[in-house]
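# Secondary and tertiary structure notes
What follows is the residue order along each chain.
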Amino acid sequence: MPLKTVHAWKNLPPEHRGASVALGNFDGVHRGHQQVIAQAAKAALTDKTPLGVISFDPHPRRLFRPSEPAFKLMTQGQQARALAGLGVGVFYLLPFDFEMASFSDREFVEKVLVEGLGVTHVAAGFDISFGRGRTGSPELLRTYGQEYGFTVSIAEPVAGGDGEKFSSTGVRDALRGGQPEQAAAILGRPFAIEGVVRRGQQLGRQLGFPTANVEVEDYVVPKLGVYATRTRLPDGREVPGVANLGNNPTTGLVETRLETWLFDFDEDLYGQIIETDLVAFLRPELKFDSLELMIEQIRRDEQAARAIVAPGF
């Protein structure tokens, strides 16, 4: 069955209540998050209930620290697709407003989880916190489960070979450090930027390498520079390429955007939504003294990227 997204917790119909849920922010749906969801899935199978995931919109950090730089790892659409791929049936994307922020840990459990969603099981991570002042903990969640009649499972931390716990912060740090492969190891897939293709200066087309330009918007901004990429088109095709993530210091500064040259591709993508994986970091963004020098470097970037994402072509 397709994923159903529910944007409320009050007065829900019976078919949207009674799920076994994973509770958290799940920005990135990384391998640690996947462990939490797997525990909820196990309970859903045992209890014969729907499998649900609870997250919040906006992210609590956005409500409390609105001036903080962008930090998101995925759009809501990417998040929903990742959850659907894990077998989630109901995505509770709950409005995080000042009403919810005012709830104590007990009020959150009572009003949202029990009265609102009627949960049968709650899976959470080892570092879960909830309620005003983030006073809720795994131990309190277990206590409330016994009191209100739902079961609880707490996922242990998941770590990589270096012993570092998988986390959304780890993904952001890797991206900002120009290490997309490390980010992918935590996520279980490459980090990808999705957005509408916008019309730019069209200088690349004039110079022989037309680019599909997508604004970065609310995403965390990875290290600026050139990346080997793979881009998924609306029809499902996947096209290798090379992209510059940056501000275009050579041809005129712009808002940070991803400009992707899709190899061996010449179709109009303006207005369409594409999703581009950042596969490997090739070099920092540079300012060139001439267009000729820039073109020479782009050709070198093409060769480097093809060796990674389109070997043999």
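Residues numbered from 1 in each chain as written. Predicted model: local features only at pLDDT ≥ 70, side-chain atom pairs only at ≥ 80, totals over all residues. Heavy atoms only, no water.

In the annotation of an unreviewed UniProt entry, the entry for the chain reads Riboflavin biosynthesis protein, and the organism field reads Caulobacter vibrioides. Its UniProt record gives the chain the following Function (unreviewed entry) comment, quoted word for word: "Catalyzes the phosphorylation of riboflavin to FMN followed by the adenylation of FMN to FAD." UniProt annotates the chain under Sequence similarities (unreviewed entry) with the comment "Belongs to the ribF family." (UniProt positions renumbered as here; feature names shortened; annotations may be inferred.)

So, on to the sheet that holds strand β4 (residues 90-95). Strand order in this open sheet of 6 strands is β1-β4-β3-β2-β5-β6, and the pairing throughout is parallel. Each edge of the open sheet carries a strand with a single partner, namely β1 (4-6) and β6 (151-155). Within the sheet, the average angular offset between the axes of one strand and its neighbour, ignoring direction, is 25°. Judged from the 6 bridges that link them, strand β3 (residues 51-57) and β4 form a sheet pairing that is parallel. Looking at the pairing, Asp 57 lines up with Pro 95 of β4. (Pairing = 2+ DSSP bridges. Helix = DSSP H or I, 4+ residues; strand = E, 2+ residues; numbered from the N terminus. Axes fitted to C-alpha atoms, helices over the stretch in contact; angles between N-to-C directions.)

It is worth spelling out the domain arrangement of the chain at this point. Domain annotation for the chain reports domain 1 (2-153) and domain 2 (180-307). Taken together, the contact pairs 14 residues of domain 1 with 14 residues of domain 2. Taken together, the links from domain 1 to domain 2 amount to 2 salt bridges. The interface formed by domain 1 and domain 2 contains 13 residue pairs in polar contact (both at pLDDT 80 or more). At 3 residues, the largest contribution of residues to the side of domain 1 that touches domain 2 is made by helix α3 (residues 76-85). Across the side of domain 1 that touches domain 2, the residue classes break down as 6 nonpolar, 5 polar and 3 charged. (Domains from an automatic or database assignment. Contact = heavy atoms within 4.5 Å. Salt bridge = Lys/Arg side-chain N within 4 Å of Asp/Glu carboxyl O. Polar contact = N/O pair within 3.5 Å; in protein donor to acceptor, adjacent residues only side chain to side chain. Nonpolar A, V, L, I, M, F, W, Y, C, P; charged D, E, K, R; others polar.)

This model, assessed by the stated rule, comprises 15 salt bridges. When salt bridges with common partners are traced through the structure, they connect Arg 81, Glu 194, Arg 232, Glu 238, Glu 275 and Asp 277 into a single cluster.

Turning next to the nonpolar core. Core analysis: the biggest nonpolar cluster contains 30 residues, and Ile 54, Phe 56, Tyr 92, Leu 94, Met 100, Phe 108 and Val 122 have the highest contact counts within it. Counting only elements with at least two residues in this core, the list comes to β2 (20-23), β3, β4, α4 (98-101), α5 (105-116), β5 (121-125) and α6 (138-148). Sort the elements by how many residues they give to this core and α5 lands first, with 4 residues. With residues near it in sequence (within four places) discarded, Met 100 still touches Trp 9, Phe 56, Leu 94, Pro 95, Phe 108 and Val 112. (Core = buried A, V, L, I, M, F, W, Y, C linked by side-chain atoms within 4.5 Å. Buried < 20%, exposed > 50% of the residue type's maximum accessible area, 1.4 Å probe, protein only.)

Spatial ordering of the open sheet is given by β7-β12-β9-β10-β11-β8, a layout of 6 strands whose pairing is antiparallel. Both edges of this open sheet fall to β7 (192-196) and β8 (212-215), since each of them pairs with a single strand only. Each strand axis lies, on average, 35° off the axis of its neighbour in the sheet, ignoring direction. Sheet topology places β8 next to strand β11 (residues 257-262); 4 bridges connect them, and they run antiparallel. When the bridges of β11 are listed, Glu 215 appears paired with Arg 257. Those strands touched by α3 are β7 and β12 (273-284), and its axis lies near 125° from that of β7. Against the sheet, helix α8 (residues 180-187) engages β9 (225-232) and β12, with an angle of about 130° to β12.

This part takes up the packing of helix α7 (residues 168-176) against α8. Where α7 contacts α8, the axes come no closer than 7 Å and their chain directions differ by 165°. Taken as axis vectors, α7 and α8 run roughly antiparallel relative to one another. For the crossing formed where α7 meets α8, the hand is left-handed. Residues Gly 170, Val 171, Ala 174 and Leu 175 of α7 form the contact with α8, whose participating residues are Pro 180, Gln 182, Ala 183, Ile 186 and Leu 187. (Parallel < 35°, antiparallel > 145°, perpendicular 65-115°, else oblique. Left-handed = near helix turned anticlockwise from the far one by under 90°.)

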